[in-house]
Amino acid sequence: MVGCSFLSELPKIQPQAKTSGFTVSAFTVQAMHPGVEMNLWKTSTYRLEIDALFPEGSHDFELFVDSISVPASLIRDRNGIPFDDSKRERTQVKFKSNRHFYRPGSSGAMTLPEEKYAASGVVIEDESCWLTFMTSSNRMIRWDLGVPKSLSTIYAP
């Protein structure tokens, strides 16, 4: 025990995210509350437009929020193609990500299965978010997007 006690005294190294090489055109978050009684309390929808050079074969896009990772979906263009990363040029790409919050359901209320989010392995405390993705060689890229602009909350009737 004494020989390994120095391990607990080592500084905890947090992974870093790049802040250059891309331009965030728009980054918003909007809370939506459903209009019916159920265990789903609210959904936060993140929308991101980013101009960047993506490595060929980029995949598994996620948004790191707080200490969890939320899957991010590519919004396809009007031709149905998300983006062509083989051109080796900067591309304007749009993503959407939903984070659901739940509460205990009351008797007789609709109950949805809770979506479980994986731990991101990093705690982001200043309300900023990271976009992460894997390259074709399975190397993780992390980009610090900053803090999303909050839009007004939507309450369903």
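Please read all numbers here as calculations on a predicted model, not as lab measurements.

Re the layout of surface pockets
Taken as a whole, the largest pocket encloses approximately 290 Å³ of empty space. Lining the largest pocket are 17 residues, with Val29, Tyr46, Glu127, Pro148 and Ser150 sitting closest to its centre. Listed by contribution, the elements that provide at least two residues to the lining of the largest pocket are strand E1 (22-33), strand E2 (40-52) and strand E6 (91-102). Within the lining of the largest pocket, the residues separate by chemical class into nine nonpolar, four polar and four charged.

Quick look at unusual backbone geometry
Glycine aside, a negative phi is what most residues show, and trans is what most peptide bonds show. A positive phi angle, close to 55°, is found at Asp66, a residue other than glycine. Relative to the helices and strands, Asp66 is located in the loop between strand E3 (59-65) and strand E4 (68-71). Even without a glycine there, the phi angle at Asn138 is positive, about 60°. As for its placement among the helices and strands, Asn138 is situated in the loop between strand E8 (129-134) and strand E9 (140-146).

With respect to the sheet that holds strand E7 (residues 118-119)
In any sheet, the strands associate via hydrogen bonds between backbone groups, in a parallel or an antiparallel arrangement. On the basis of which strands lie adjacent, the open sheet formed by five strands has the order E7-E4-E3-E8-E9 and antiparallel pairing. Whereas interior strands pair on both sides, the edge strands pair on one side only; in this sheet they are E7 and E9. The pairing of E8 with E9 spans six bridges and is classified as antiparallel. Across the sheet, the residue bridging to Thr132 is Arg142, located in E9.

Quick word on the nonpolar core
Of all hydrophobic cores here, the largest spans 21 residues; its most connected members are Ile50, Phe54, Phe95, Trp143 and Leu145. If you list the elements that add at least two residues to this core, you get E1, E2, E3, E6, E8 and E9. Here the element with the most residues in this core is E2; it accounts for four residues. Residues in contact with Leu145, not counting those within four places in the same chain, are Phe22, Val24, Phe27, Leu48, Ile50, Leu63, Cys129, Trp130 and Leu131. Judged by nonpolar contacts, the second largest core, of five residues, contains Ala17, Phe64, Val122 and Trp130.

Side note on the pattern of salt bridges
The final tally for this structure, using the stated rule, is four salt bridges. When the shortest N-O distance is used, the salt bridge between Asp51 and Arg90 registers 3.2 Å. One end of the pair, Asp51, is in strand E2; the other, Arg90, is in the loop between strand E5 (73-75) and E6, with 39 residues separating them in the sequence. When its relative accessible area of 40% is taken as the criterion, Arg90 is described as partly exposed. Put simply, Lys116 and Glu114 hold a salt bridge, and the shortest N to O gap is 3.8 Å. Judged by relative accessible area, which is 41%, Glu114 ranks as partly exposed.

Considerations on a nonpolar patch on the surface
A contiguous nonpolar patch, built from Val36, Met110 and Leu112 and spanning about 240 Å² of accessible area, is present on the exposed surface. Within the element layout of this structure, Leu112 appears in the loop between E6 and E7. Taking the relative accessible area as the measure of exposure, Leu112 reaches 32% and is therefore partly exposed.

The rules behind the values
Residues numbered from 1 in each chain as written. Predicted model: local features only at pLDDT ≥ 70, side-chain atom pairs only at ≥ 80, totals over all residues. Heavy atoms only, no water. 1 Å grid on protein atoms, 1.4 Å probe; cavity = no way out; pocket = protein on both sides within 12 Å on 5 of 7 lines; lining within 4 Å. Points joined across faces, edges and corners; volume = space filled by probe spheres on them. Helix = DSSP H or I, 4+ residues; strand = E, 2+ residues; numbered from the N terminus. Nonpolar A, V, L, I, M, F, W, Y, C, P; charged D, E, K, R; others polar. Pairing = 2+ DSSP bridges. Core = buried A, V, L, I, M, F, W, Y, C linked by side-chain atoms within 4.5 Å. Buried < 20%, exposed > 50% of the residue type's maximum accessible area, 1.4 Å probe, protein only. Contact = heavy atoms within 4.5 Å. Salt bridge = Lys/Arg side-chain N within 4 Å of Asp/Glu carboxyl O. Patch = residues over 30% accessible without salt bridge, like charges linked within 9 Å, V, L, I, M, F, W, Y side chains within 5 Å. Areas by Shrake-Rupley, 256 points an atom, 1.4 Å probe, with all protein chains shown as cover.

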